Amino acid sequence: MTHVLDPDALPDDGRALMAPLPPYDDVTRSDSAFRAFLHGLPGVDQVGAESRVAMLGTRSIKTTSKAWAIDTAISMVDLTTLEGADTPGKVRSLAAKARRPDPGDPACPHVAAVCVYGDLAGVAREALGDSGIHVAAVATAFPSGRASRAVKIADVQDAVANGADEIDMVIDRGAFLSGRYLDVYEEIVAVKEACGDAHLKVILETGELVTLDNVRRASWIAMLAGGDFIKTSTGKVNPAATLPVSLVMLEAVRDFRAATGRQIGFKPAGGIRTTKDAIKHLVLINETVGADWLDPDWFRFGASSLLNDLLLQRQKLRTGHYSGPDYVTVD
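Below is a summary of the structure that appears in this document.

Rules of the game
- Residues numbered from 1 in each chain as written.
- Predicted model: local features only at pLDDT ≥ 70, side-chain atom pairs only at ≥ 80, totals over all residues.
- Heavy atoms only, no water.
- Helix = DSSP H or I, 4+ residues; strand = E, 2+ residues; numbered from the N terminus.
- Rg over C-alpha atoms; globule rule 2.2 N^0.38 Å.
- Buried < 20%, exposed > 50% of the residue type's maximum accessible area, 1.4 Å probe, protein only.
- Areas by Shrake-Rupley, 256 points an atom, 1.4 Å probe, with all protein chains shown as cover.
- Phe/Tyr/Trp six-rings, centres within 6.5 Å; stacked < 30°, edge-to-face > 60°.
- Pairing = 2+ DSSP bridges.
- Axes fitted to C-alpha atoms, helices over the stretch in contact; angles between N-to-C directions.
- 1 Å grid on protein atoms, 1.4 Å probe; cavity = no way out; pocket = protein on both sides within 12 Å on 5 of 7 lines; lining within 4 Å.
- Points joined across faces, edges and corners; volume = space filled by probe spheres on them.
- Nonpolar A, V, L, I, M, F, W, Y, C, P; charged D, E, K, R; others polar.
- Right-handed = clockwise from strand over helix to strand, strands pointing away.

Some details on the overall build of the protein
Assigned secondary structure in the protein consists of 12 helices and 8 strands. Its C-alpha atoms give the protein a radius of gyration of 20 Å, near enough to 20 Å, the size a compact globule of 331 residues would have. With the C-alpha coordinates aligned to their principal axes, the bounding extent of the protein is approximately 60 × 45 × 30 Å. Out of the 331 residues in the protein, the part that is buried amounts to 55%. As displayed, the protein has an accessible area near 13,500 Å², and 51% of this comes from carbon and sulfur atoms.

Encoded structure:
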């Protein structure tokens, strides 16, 4: 697979744009220039991507390394509830679990963030207090993204005003699939401005992008537009965070840093339910982008049920026996 951008692979009007940011700004000067840049990115070898993740998935993790991996994964979880029936009480309960995932073991790390709808961000902020756990809120007409830009911006501003310090936005997949790349880019720029000091995670909804080449292009749009993280999915569409998709997005953040010096975070979400799934992603990170990304500041799991399995596996390592689902809370 091709990993590093080759200037000679770009059309004539794009070759000078391989210099570090801000010269990349010029690729958005027109629809045609942006299309030329995005379609000049190296193509993805789908068979190669599937083979590589299959090979990495066979890596054996021994007891000491597994204990480290489990604690690291717990510290990277965005503990999430995104249901129409969510209540303030449920969010407070989730916040308590985020602070003390295993009440019987104070050495267990807390999670990275609690992710909720924007109208409940204030409840989460109050419940989390000074714990250091972030409040993430979905916005921009999540999960469909079907609303006017003015409505999306108001959605973001409302979530930030309620106490969210991270915003998870969805891109306009209709615009992307129609080839209106500049519209997608400009909307992300506008949302980033509306975030103020809050970090922005840009959800690509990869299950609707059809091809891995589209995943790579959407990743670059999000990064060029100022996203702090790129995120696979809303968790509402299948397939969600597959390992080949994660590989392509990790290659994108690696290549973007190599070209611009700016590091972007990555968040797979949807379908990651077991400790085995989490460890496969940690191996993929280490082998693709390196240890710089093995930190909650740069990598998150978007999940609701994953934390329980991590806690059960952690208890098994600590006590020597498997406790079963009755020993963790039902979210």
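From this point, things continue past the structure.
Quick word on the side chain of Thr288
Summarising the element assignment, Thr288 is placed in helix α11 (residues 275-288). Given a relative accessible area of 8%, Thr288 falls into the buried group.

Looking at the packing of aromatic side chains
How two aromatic rings sit relative to each other is set out by the distance from centre to centre and by the angle between their planes. The full count for this structure, using the stated rule, is 7 aromatic pairs. With centroids separated by 6.0 Å and ring planes inclined at 75 degrees, the aromatic side chains of Tyr117 and Phe142 adopt a geometry described as edge-to-face. In this pair, Tyr117 is assigned in strand β2 (residues 113-117) and Phe142 in the loop between β3 (134-139) and α6 (149-161), connecting sequence segments 25 residues apart. On the accessibility criterion, Tyr117 (24% relative accessible area) is partly exposed. With a relative accessible area of 10%, Phe142 lands in the buried category. Look at Trp220 and Phe256: their rings are 5.4 Å apart centre to centre, the planes differ by 75 degrees, and that puts the pair in the edge-to-face class. Linking Trp220 in helix α9 (residues 212-224) with Phe256 in helix α10 (residues 243-260), this pair joins segments that are 36 residues apart in sequence. Each member of the pair Trp220 and Phe256 is classed as buried. Among the aromatic side chains, those forming a connected cluster through ring pairs are Phe37, Trp220 and Phe256.

Things to note about the sheet that holds β2
Spatially, the 8 strands line up as an open sheet ordered β7-β6-β5-β4-β3-β2-β1-β8, and their pairing is parallel. Either end of the sheet is taken by a strand with one partner, and the two such strands are β7 (265-267) and β8 (301-303). Strand-to-strand twist in this sheet, taken as the mean axis angle between neighbours without regard to direction, amounts to 25 degrees.

Some points on the layout of surface pockets
Size it by volume and the largest pocket reaches roughly 560 Å³. Taken together, 29 residues line the largest pocket, and the ones lying closest to its centre are Gly235, Gly270, Gly302, Ala303 and Ser304. Broken down by secondary-structure element, the contributors of at least two residues to the lining of the largest pocket are α4 (88-99) and β8. Looking at the lining of the largest pocket residue by residue, the classes come out as 10 nonpolar, 12 polar and 7 charged.

Some thoughts on the pairing of β3
In terms of burial, β3 is a largely internal element, 5 of the 6 residues being buried. Pairing of β2 with β3 involves 5 bridges; the strand directions are parallel. Directly across from Cys115, in β3, lies its bridge partner Ala136. Handedness of the crossover joining β2 and β3 through helix α5 (residues 121-128): right-handed. In terms of strand pairing, β3 meets strand β4 (residues 166-170) through 4 bridges, oriented parallel. Across the sheet, Val138 pairs through a bridge with Asp168, a residue of β4. The parallel pair β3 and β4, bridged by α6, forms a crossover whose chirality is right-handed.

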